[in-house]
Amino acid sequence: APAGEASQVAPGNEAERVMLFHHVQMFAKSLKPLSEYKALEKRLNSLSAKGHFDPFSGGMRFLEEHAHQARVIEGTKIWEDIAAERNQPFEAAGQDIVEQLIVGLGWRVTAEYTGACTRAVLVTSSDPCGVKMVITAAADGVCANDKGGAHPDEPYDHFQGNFVQGFFDAHNDRQSIGVLGFEVARGELETILERYKRLHPKLLISDQIAVYTDTRSIGHGTVAKRTIETGRMSILEVYAYYRQDASSETDTGTVLRFVERDGSFASAPGFANPEGVLPGLRDSDAHFDGTSIPAYSDHWVSNVIDRVGFLSTLQDTLGFVPKVEFNAGVIAAGAARIESTVIGNSSATSVASEAEVLKSQSQVYLPINNALSQQGHVAAFLDQFGQGVQHLASRVQDLISFVERVNNYRTMTGRGLRFLAIPRSYYGILTQVQLIEACDGTSKATPTDMQLPSELAAATIKALHDAQVVSSTGVVMLEVSSHDIASALAGALATLPPDDARVLTECMPYIDAAVKRARYINVYQLLGTNIEESLYLQIVRNQVLVDIQGGDVLLQIFTCKILQAEASHEAPFLEFIQRVCSQCRDGSCEEGQPVKAIKPGCGGFGIRNFLTLFLSIELGKALADQDEAHACADGAAADRALRRALLLNQQLDESNPVLTAIADAMTAEARALETGDDAQALCMQQRKAQLTTQLQELSDRFSALTALAS
């Protein structure tokens, strides 16, 4: 099939049924005139033409690390001259989502719709096969007929004024990601419609498929003109959720849209054929500046009241199957507890290259969350916003460079996107054990007669702390140098007995290495020597989350909330990921071992990061409490905060091997299900349940200890 088009398949064959991510539709309070967005794009293109301010399109990749900041400062001055304005401090709330995508990601407005009731713009990256976001807003004033229904002068259901207003009514008058659009193979819409009619009729918005056609009038001479159809797009829309369970009324805040494209509507993907994204969209000339970051849909996440019910609906109507379960034992931090299930289609896609994995839209994943307590983000989201799309996750080729680009452009322009702050402790802290092990004589890397006593290890950390190389909880200064470490320990050497001074001197090279590695030790324990120190430091500096499952690596980062009017409001956000798939290739496999096919979704969904991130956030709070106590000269409060921080870090350390085992069990279970080995799948499910119970007990134990420490 052409790029971005679903293939013809035999109806009813679940194993071969094709479904693709297609587009999302967001609903905003307002849109600026297209001319303003185009003027912004032009200014950004001018900025790019005056120098490279990202790490992958040119110059910055060849700069020394210390020179990056100078280049960004230079870019800030150039931007202020181009824009004829001074940058203002960035605030995530109150941003125009179209501007955020244009500046933050280098995307462009590639199509527009102007109707009787609404306006819409299509925002995409430079790859028309990638993510397609349709942002829609009502035109000035209320646009509906006297009965509040569809406007007679609005030809497109998906741009009707009452359709748009319905999403604001369902979400407490807040902006939202309201429609998730999927492309299906020709002939599949009727099958999906029949299933909804039979099993979930209340979720149907209409029991008819909307059909939009592209026609052409032909004729010559005296021959009468006739009209022929050159293309067709068929659309079926259903509500995603019930308000409670299937016996309740429908929740009108989120819509699933299924599209079939044929002829001219399917002749090209994305902005090269905007009518093939949604009928009514018209081309808008777009010039990409070379820093545009192509992204491809990976998974779309919902927060719901009845997770099991939504899973059942998707199984009944689309033949989706659960892929991964995260229960409360894995996703718990303090009183906040949720459960989550990843469900998806049974895509048979298996590709040979990472480039194909990056761009493939054939494996649809829909993680679904529900809250088990009244605390935490999911509970607050449901309370303030209602059920709906929590976030959209998209794949990029090089996440670390992507994050640097977003951060640089936000700094230079005061616009774009900001990422969630991750506490440095997520990546690692320095402990006495690390120093002792680094100098252990039994290690191949150290002399056989060398040992560092625990008292000397403690004195080393104290000296590093006194010199502000290491914080009170062991976080090492990110830009630390060997000179910094040697200078910090010089004073300690002068006060030590001769024998201790000799041991410390002999250990210095290993202490130096241990202190530097402590900046990223948690990630190093996952990835080892597979990547260089400079890349580890980029991961830490850019606050990228890391997970590994079955040899596959997952890099993740989350933006601050988007579509947010006020800072206190719950709202959706974006996630960007990079999947690094393990694969035996030329010369890398054992003799006789075949090259492994790559499956979309390699690397999983960040099981470690569910718990580790929660704990790291709590650890960050403890560190902030400690700093505040020190500022107030409250030694007792500082000690309590330190005890909490140490307990949380200990929980991180003890949780990691359990999480590793859970990830391995999940990988083995998925492989068993793929091959039809039900016995092995059951065994791994039982193993996973045992480990989850162990993790829950560990969490409960540390929760009690932390309460006592407070």
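Residues numbered from 1 in each chain as written. Predicted model: local features only at pLDDT ≥ 70, side-chain atom pairs only at ≥ 80, totals over all residues. Heavy atoms only, no water.

1. Concerning the overall build of the chain
Thought 1: A tally of regular secondary structure across the chain gives 18 helices and 18 strands.
Thought 2: Classification of the 710 residues of the chain by burial places 54% in the buried group.
Thought 3: Once local pairs closer than 6 in sequence are excluded, the contacts in the chain between residues at least 24 apart make up 71%.
Thought 4: Total accessible area computed for the chain in this model is approximately 30200 Å², and 51% of it derives from carbon and sulfur atoms. (Helix = DSSP H or I, 4+ residues; strand = E, 2+ residues; numbered from the N terminus. Buried < 20%, exposed > 50% of the residue type's maximum accessible area, 1.4 Å probe, protein only. Contact = heavy atoms within 4.5 Å. Areas by Shrake-Rupley, 256 points an atom, 1.4 Å probe, with all protein chains shown as cover.)

2. Considering the nonpolar core
Thought 1: Membership of the largest hydrophobic core comes to 107 residues, with the highest contact counts inside it found for Val98, Met133, Ile135, Phe182, Phe258, Leu392 and Phe402.
Thought 2: In terms of residue count, the dominant contributor to this core is helix H9 (residues 399-413) (seven residues).
Thought 3: Setting aside residues no more than four positions away along its own chain, Val98 makes contact with Leu31, Tyr37, Val109, Val121, Val123 and Ile135.
Thought 4: The next biggest cluster of nonpolar side chains, apart from the first, holds 29 residues, and it includes Leu435, Ala438, Leu464 and Val476. (Core = buried A, V, L, I, M, F, W, Y, C linked by side-chain atoms within 4.5 Å.)

3. A few points about the environment of Arg644
Thought 1: On the secondary structure map, Arg644 appears in helix H17 (residues 635-675).
Thought 2: Classification of Arg644 as buried rests on a relative accessible area of 18%.
Thought 3: Each C-alpha atom, one on Arg644 and one on Leu705, is 8.4 Å from the other, the two residues being 61 residues apart in sequence.

4. Considerations on helix H11 (residues 454-466)
Owing to its 3.6 residues per turn, the α-helix brings residues three or four apart onto one side.
Thought 1: Between its first and last C-alpha atoms H11 spans 18 Å; for 13 residues at 1.5 Å apiece the expected length is 18 Å, and the two agree.
Thought 2: Those residues of H11 that fall on the buried side of the exposure criterion are Leu456, Ala457, Thr460, Ile461, Ala463 and Leu464. Each buried residue of H11 sits inside an arc of 160° when the element is viewed along its axis, so together they form one side. In H11, the exposed positions that point more than 90 degrees away from the buried face belong to Glu455, Lys462 and Asp466.
Thought 3: Buried-residue contacts for H11 involve helix H10 (432-438), helix H12 (482-495) and helix H13 (498-517). (Expected span 1.5 Å × (residues − 1). Arc of directions from axis to C-beta.)

5. Some details on the sheet that holds strand S8 (residues 250-263)
Thought 1: The mixed open sheet is built from nine strands, whose spatial order is S6-S7-S8-S5-S1-S4-S3-S2-S9. Taken across any chain shown, the strands that pair with only one partner, and hence form the sheet edges, are strand S6 (210-218) and strand S9 (282-283).
Thought 2: Sheet topology note: the S6/strand S7 (residues 226-242) ladder contains nine bridges and is antiparallel. Across the sheet, residue Thr213 finds its bridge partner in S7, namely Arg232.
Thought 3: Relative to the sheet, helix H6 (residues 307-318) contacts strand S1 (19-27), S7 and S8, its axis offset from that of S7 by approximately 150°. (Pairing = 2+ DSSP bridges. Axes fitted to C-alpha atoms, helices over the stretch in contact; angles between N-to-C directions.)

6. Digging into the packing of aromatic side chains
Thought 1: Overall, the coordinates contain 20 aromatic pairs when judged by the stated rule.
Thought 2: Taking 5.1 Å as the distance between ring centres and 85° as the angle between the ring planes, the aromatic pair formed by Phe163 and Phe167 counts as edge-to-face. Of this pair, Phe163 and Phe167 both sit in helix H4 (residues 161-170), four residues apart, which is roughly one turn of the helix.
Thought 3: The class of Phe163 is buried, set by a relative accessible area of 15%.
Thought 4: According to the relative accessible area criterion, Phe167 is buried, its value standing at 2%.
Thought 5: In this structure, Arg405 is placed above the aromatic ring of Tyr409, and the distance from its NZ or CZ to the ring centre is 3.7 Å.
Thought 6: Lying across the ring of Tyr524, Arg517 places its NZ or CZ 4.0 Å from the centre. (Phe/Tyr/Trp six-rings, centres within 6.5 Å; stacked < 30°, edge-to-face > 60°. Lys NZ or Arg CZ within 6 Å of the ring centre and 35° of its normal.)

7. What to know about the packing of helix H1 (residues 34-49) against helix H2 (residues 68-83)
Thought 1: H2 packs onto H1 with a crossing angle of 140° between their chain directions and a minimal axis gap of 10 Å. On the basis of their axis angle, the class for H1 and H2 is oblique. In this structure, the crossing between H1 and H2 has a hand that is right-handed. Between H1, through Leu40, Arg43, Leu44, Ser46 and Leu47, and H2, the contact on the second element is made entirely by Gly75, Ile78, Trp79, Ile82 and Ala83.
Thought 2: Here the contact of H1 with H2 is composed, by residue class, of seven nonpolar, two polar and one charged. (Parallel < 35°, antiparallel > 145°, perpendicular 65-115°, else oblique. Left-handed = near helix turned anticlockwise from the far one by under 90°. Nonpolar A, V, L, I, M, F, W, Y, C, P; charged D, E, K, R; others polar.)

8. Structural notes on unusual backbone geometry
Thought 1: Located in the positive-phi region is Asp173, a residue other than glycine, with phi close to 65°.
Thought 2: In this structure, Asp173 sits in the loop between H4 and strand S5 (176-184).

9. So, the pairing of strand S15 (residues 388-395)
Thought 1: The buried count for S15 comes to eight of eight residues, which makes it a mostly enclosed element.
Thought 2: Strand direction decides the pairing type here: strand S10 (residues 296-303) and S15, joined by seven bridges, are antiparallel. Bridged to His299 within S15 is Ala393.
Thought 3: In this structure, S15 lies alongside strand S18 (residues 573-580), joined through five bridges in parallel fashion. Residue pairing for S18: His391 is matched across the bridge by Phe573.

10. Topic: the packing of H11 against H12
Thought 1: Packing of H11 against H12 brings their axes to within 8 Å, and their N-to-C directions diverge by 120°. H11 and H12 meet at a crossing whose hand is right-handed. Along the contact surface, H11 presents Thr460, Ala463 and Leu464, while H12 presents Ile485, Ala488, Leu489 and Ala492.
Thought 2: Within the contact of H11 with H12, the residues separate by chemical class into six nonpolar, one polar and no charged.

11. So, H4
Thought 1: Three or more residues of H4 are buried, namely Gly161, Phe163, Val164, Gly166, Phe167 and Phe168.
Thought 2: Residues of H4 that are buried sit in contact with S1, strand S3 (118-124), strand S4 (132-138), S5, S7 and S8.
Thought 3: Immediately downstream of H4, the backbone of Asn172 shows phi near 60°, a positive value.

12. Description of the pattern of salt bridges
Thought 1: What the rule picks out here adds up to 24 salt bridges.
Thought 2: Measuring nitrogen to oxygen at the nearest pair gives 3.4 Å for the salt bridge that ties Asp289 to Arg108. With Asp289 in the loop between S9 and S10 and Arg108 in strand S2 (residues 108-114), this residue pair connects regions lying 181 residues apart in the sequence.
Thought 3: Exposure remark for Asp289: the relative accessible area of 13% places this residue in the buried category.
Thought 4: Beyond isolated ion pairs, a larger network of salt bridges with shared partners links Lys32, Glu85, Glu99 and Arg415. (Salt bridge = Lys/Arg side-chain N within 4 Å of Asp/Glu carboxyl O.)

13. A look at the pairing of strand S17 (residues 552-558)
Thought 1: Burial within S17 is extensive, with seven of its seven residues counted as buried.
Thought 2: Every second residue of S17 is oriented toward a common face, with Asp552, Leu554, Gln556 and Phe558 on one face and Val553, Leu555 and Ile557 on the other, all of them buried.
Thought 3: Across five bridges, the pairing between strand S16 (residues 545-549) and S17 is antiparallel. If you follow Gln549 over to S17, its bridge partner there is Asp552.
Thought 4: The pairing of S17 with S18 spans six bridges and is antiparallel. The residue of S18 that forms the bridge with Leu555 is Gln578.

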